[in-house]
Amino acid sequence: MENKEDDFYIGYVDNISVKTKKTVTNFVFFGILTLITIAVIFAFTQNTFKNSTFELTTNTKIMGVYHEMPYPMLKVKTAENTFKNILLLGFGKSSANPFLKKIRNEISQLSGSMVSIEGNLIYYNGKTLLQITNDEKITLVEKANSQKLPQTKSLVKDMELKGEIIDPKCYFGVMKPGKGKIHRSCAVLCISGGIPPVLATTDENNISEYYLITDLKGNPINKKILPYIGKPSLLTGNIVQLEDWYQLQIDVNTIKDLNRPSKIY
Amino acid sequence: MGVNYQPVLWNRNKKIYDKWIVIGMLIYLLCFIGITIITNNETSVETLIIRAFGTLAIALLHIILVIGPLARLNSKFLPLLYNRRHLGVSMFLAALVHGGFSVFQFHSLGNVNPIYAIFTSNMDYGSLANFPFQVLGFFALVILFLMAATSHDFWLKNLSPKTWKRLHMMVYLAYGLIILHVFLGALQQQPSIGSIAIMSLGFITIATLHLVTGSKETKADKTKTQHIENGWEYVCDIDEVPEDRAKIFIVGKERIAVFKYDNKLSAISNVCKHQGGPLGEGKVVDGCVTCPWHGYQYLPHNGQSPPPFTEKIATYRLKNDNNKIYVLPEALAEGTEVEPITF
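Residues numbered from 1 in each chain as written. Chains lettered and ligands numbered in written order. Predicted model: local features only at pLDDT ≥ 70, side-chain atom pairs only at ≥ 80, totals over all residues. Heavy atoms only, no water.

### Describing the domain arrangement of chain B
All names here are of chain B. Convention followed: Annotation comment: domain bounds sourced from an automatic or database domain assignment. Contacts: residue pairs with any heavy atoms within 4.5 Å of one another. By buried area we mean how much accessible surface two parts lose on assembly, using a 1.4 Å probe and totalling the loss over both. A pairing counts as a salt bridge when a side-chain nitrogen of Lys or Arg comes within 4 Å of a carboxyl oxygen of Asp or Glu. Definition of a polar contact: a pair of N or O atoms within 3.5 Å, with one able to donate and the other able to accept a hydrogen when the atoms are protein atoms, and with sequence-neighbouring residues admitted only if both atoms are side-chain atoms. When residues are sorted by character, Ala, Val, Leu, Ile, Met, Phe, Trp, Tyr, Cys and Pro go into the nonpolar class, Asp, Glu, Lys and Arg into the charged class, and all the rest, Gly among them, into the polar class.
Entries for chain B in the domain assignment read domain 1 (12-220) and domain 2 (228-342). A straight line from the C-alpha centre of domain 1 to that of domain 2 covers 38 Å. The interface of domain 1 with domain 2 comprises 13 residues on the first partner and 13 residues on the second. Taking both sides of the interface into account, the surface hidden between domain 1 and domain 2 amounts to around 1100 Å²; carbon and sulfur atoms contribute 43%. In this structure, Arg 255 engages Glu 217 in a salt bridge whose closest nitrogen and oxygen atoms are separated by 3.0 Å. Between the two partners, domain 1 and domain 2, sit 4 residue pairs in polar contact (both at pLDDT 80 or more). Looking at the side of domain 1 that touches domain 2 residue by residue, the classes come out as 7 nonpolar, no polar and 6 charged.

See the structure below:
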């Protein structure tokens, strides 16, 4: 005779003893409480996200003077005698250059030309960028006029700056966070794809400044700077002002990895 | 048990189990996403998805890893073991959402293949602080995929239980990789006492439960039979074996289960053919030894699953000498009929 008092659970038999049911119910209750606790802890311990914006689903048409000193930008008039230089970027982890190929072939000189571009705006902390997703949405408005190009001004020689080399597309809005170790691989791919490297610095008053990085002759740098991206670094170079942007002209070989120790070990 | 392979052999208990998996996952996601949106509303949708599902997968993995030892320590937890593979597949799906979105977000739309980019976009393999933590997560996800993909009994049968078990024991390697993935990734960028404490507490809980269970099993395995007469080993008196239940003994180097039922005694291997469950902790139900893990059944006198099932386990000869039970340690071929001893 089978001992009916002897509690034994069989998964495919519907009956379950009161004692076993109580244990399982307690486990489920405790498990749900544990899940809630873990969710609360992980959710509350996230760093505060920046109020940066990427208008992924909104297309905006902007008009301005195209220039590349050395990175593609559009000088846009925002008010009387007030201009903003908007950094141009391509889709995904790409520079704007593949999307500018068509219009470059159509007109003899793009630099200094007034063009209209439709794309997705990215903005944060006073800086604006535009993602171009379609080369058909770039149209010539007015032929080149070198008088309209922005003026550069040499400010300081051999300036030392501490900060992190970031890719501006993610940092200024596409990703949150768009800096640091978690984002490092993405930043490497973005800059490798032609997106300009930018040094982001923060002073003791938590005020940030940004520098487009070029080589000492003002030419673009991409591949050579990859090992230093996403890590606290010390950069030495010449500061050049390009209206509302700064450029930092450097010799890549002089970048120093600050090798900051980890915060958790 | 099933004769034909079906995606899932649904029953009431499995449905209840899966209902609570879904409820638990939804509660977690609602809590994490709700709190983030209310308290940190500048987040992006992609980041929210990556973090919500990544942390959910970690939480579920911890629950999965405590069920095994709890069920070994107390049989009342066995219902949690019965359908654990569904919990495992759910955890993999959460990890896949996390991994898939992360690969798309951080490694795709570039000038190299996204999978190649995981391994090459950060080459600081020699540095602990800068180590490319994504690689660890990638390998963990591959292991979890292999486990989820082979979780069905079809694979258990075709890979052989031994190979299947080895493959599924890799969950501990995946767990280790995930711990490192978190400590060398997210916790490097945003270290907090709360997150580090909960991860550490989880590890301590899992490690302690496994050590306690392992210690109990090792102790049982070291218990040797005391008297040997002409090759027969004395194991216990008849009265010591409960009705419809068994006592487990180490005879030779094998665990065997001596079952008492209908005034008879039979000895079989303690290891279920399905997933290696401890048959000696099972019960004789409807004349069959029933495994406590998933209910696989064997006839006690020949170790054969009742038709139409075909599983077979080794049997052992017993003798009764003045209510003292003796076992002949040599295992008989699987499915060999042995006349039960009566009393």
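So that's the structure; there's more coming.
### Regarding the sheet that holds strand 8 (residues 297-298) of chain B
Residue and element names in this part refer to chain B. Stated precisely, the cut-off is as follows: In this description, strands pair whenever DSSP reports at least two bridges between them. Per the convention used, a helix needs a DSSP run of H or I reaching at least four residues, while a strand needs a run of E reaching at least two, with both numbered from the N terminus.
The strand order across the open sheet formed by 3 strands is 6-7-8, and the pairing between neighbours is antiparallel. At either end of the open sheet lies a strand with only one pairing partner, and these are strand 6 (283-285) and strand 8. The sheet contact formed by strand 6 and strand 7 (residues 288-290) spans 3 bridges and is antiparallel. Looking at the pairing, Val 284 lines up with Val 289 of strand 7.

### Looking at the domain arrangement of chain A
Residues and elements named next belong to chain A. Domain annotation for chain A reports domain 1 (53-148) and domain 2 (152-257). Taken residue by residue, the interface counts 26 residues in domain 1 and 31 residues in domain 2. Together, Tyr 71, Lys 93 and Lys 127 form the three largest contributors to the area buried by domain 1 at its contact with domain 2, with a combined 33%. Counting across the domain 1 and domain 2 interface gives 1 salt bridge. Residues Lys 75 and Glu 243 are paired through a salt bridge, measuring 3.0 Å at the closest nitrogen-oxygen approach. Elements with a minimum of two residues in the side of domain 1 that touches domain 2: strand 1 (53-54), strand 3 (72-79), strand 4 (82-89), strand 5 (114-124) and strand 6 (127-131).

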